[in-house]
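So you can see what is in the structure, the chains are spelled out below.
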Amino acid sequence: MTGGPTAATGGHSGAGATTSGALRAHNRVRLLRAVHDCGASLTRSRLTRDLGLARGTASVLVGELAESGLLHEEPAPEHGRGRPTQVPGPHPRGPVALAVDVREDAWEVAACELGGRATVLEVRQHDGTPEGALVPLGAALRGHLERLVPRVVGTGVALAGPVRPGGLVDIAHLRWNSVDVPGLLALPGPLVVGNDTAFAGLAEARRGELRGVAVGLHLHVDFDLGGTLIVDGRPLAGATGVGAEFGHMPLIGGDAPCMCGAYGCWGQEVGTNALLRHLGLAHGGGRGRDHAERLLSAAMAGDEGAVRAVTSCAGALGRGICALVNAHDPEVVTLSGFGVDLHRLAPAELMGRFERGLMAIRRERPPRISPSALGWRGALIGAMESVFDAFLTVDAVDQWRRAFS
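Residues numbered from 1 in each chain as written. Predicted model: local features only at pLDDT ≥ 70, side-chain atom pairs only at ≥ 80, totals over all residues. Heavy atoms only, no water.

Caption draft 1: Structural context of the packing of helix H1 (residues 20-37) against helix H14 (residues 394-404). Orientation of H1 relative to H14, taken along the N-to-C sense of each, is 95°, at an axis distance of 9 Å. The orientation of H1 with respect to H14, classified from their angle, is roughly perpendicular. Contact with H1, carried on its side by Ala25, His26, Arg28, Val29 and Leu32, involves Val394, Val397, Asp398 and Arg401 of H14 and no other residues of that element. Here the residues of the contact of H1 with H14 are counted per class, giving 5 nonpolar, 1 polar and 3 charged. (Axes fitted to C-alpha atoms, helices over the stretch in contact; angles between N-to-C directions. Helix = DSSP H or I, 4+ residues; strand = E, 2+ residues; numbered from the N terminus. Parallel < 35°, antiparallel > 145°, perpendicular 65-115°, else oblique. Contact = heavy atoms within 4.5 Å. Nonpolar A, V, L, I, M, F, W, Y, C, P; charged D, E, K, R; others polar.)

Structure below.
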């Protein structure tokens, strides 16, 4: 997505700036934020208009940011007669965010530049234990940090479970309980640890189908199901930072015990574990993704058992979505992970269950249900966004400029 929320810049008015120097610092951050949010795709003249800057002011700002190793301009791919139009983008020696998606069975590390371009550095399987997943990850990240120093401005880590203050994560189906993520990673420098679905929802609001949506609902289906409510471009964290655990709500009438400690959790009926359970296959412990992918392929080919499993999961997904829509009144619902496959392979069951459960007042204009524009990349992109949100402030940018000079 382009043009995402700009709350981290402190708004557009510059009201807090009391001197010309402070106003210039404020506008430097506004310009950097605009370049990042548009994916480094807009020309300098377009950014100047959008930000309400004078042409001379914009030229000075771009020059300062180029000298500080924060921006670099390239000619626009297409332009008319006269002087080529310039497009500000990431500097070759500019800031980098390390982004990590820790899934139940593997982790992935990427280096992300201003503007959002991500380069995958490493993907590695792990054994599902905290030490087996996070200790090797920490060693790998320290290696990447050493290689990329001094460009790295922070590391964002997405995990498949609720994250409490201090970076403590609980992943019930892996038996992770109050795992100290920062302690096991042992990284220098800024670190942001967050829930994978909350990060995916943030990414969808910045660069996907929830762009410009005031109230949106994002749901991610993997081994089970997670979700987040997006309000004005931000996932709602809750009073203690672990809100929107929609997958652990009893939304569809089940009463089986869940490893989280509750009963009848919606997530037990949607995802890899549910698909495998329908066919009597081994499941749980963060294993079986490859079996689930083969099952989805079999359903596409018309295998009756696979079709029944997919249809059951899609129906459960639709039933839960309607309950959340009745409660939260979102404009758009986005699906990522295997949710995209359920929407594609069994749309009639998913939408039928969804529409049947809606309140009458919502049926005339129900929210749109849309596959994610980001696929499986949402958590990684959201982790990147969390790092740049922390960096794109007056203090952090000024610190970079002083160090670069």
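Next comes the rest of the description.
Caption draft 2: Layout of the sheet that holds strand S8 (residues 168-171). The strand order S7-S8-S9 describes an open sheet built from 3 strands, whose pairing is antiparallel. The open sheet terminates on both sides in strands that have one partner only, identified here as strand S7 (163-164) and strand S9 (176-180). For S7 and S8, the ladder comprises 2 bridges, and the chain directions are antiparallel. Bridge pairing in S8 places Val163 opposite Val169. (Pairing = 2+ DSSP bridges.)

Caption draft 3: How the structure looks around the side chain of Asp222. You can see Asp222 is positioned in the loop between strand S11 (215-221) and strand S12 (225-231). By relative accessible area, Asp222 is classed as buried at 7%. Side-chain polar atoms of Asp222 contact the side chain of Arg289, separated by 2.8 Å. Those residues in contact with Asp222 that sit more than four places away from it in its chain are Arg103, Glu104, Gly271, Thr272, Arg289, Phe338 and Trp376. (Buried < 20%, exposed > 50% of the residue type's maximum accessible area, 1.4 Å probe, protein only. Polar contact = N/O pair within 3.5 Å; in protein donor to acceptor, adjacent residues only side chain to side chain.)

Caption draft 4: How the structure looks around the side chain of Asp105. Topologically, Asp105 is positioned in the loop between strand S3 (96-102) and strand S4 (106-113). A distance of 2.9 Å separates the side chain of Asp105 from the side chain of Arg289, its partner in a polar contact. The residues contacting Asp105, other than those within four sequence positions of it, are Gln125, His126, Phe223, Gly286, Arg287 and Arg289.

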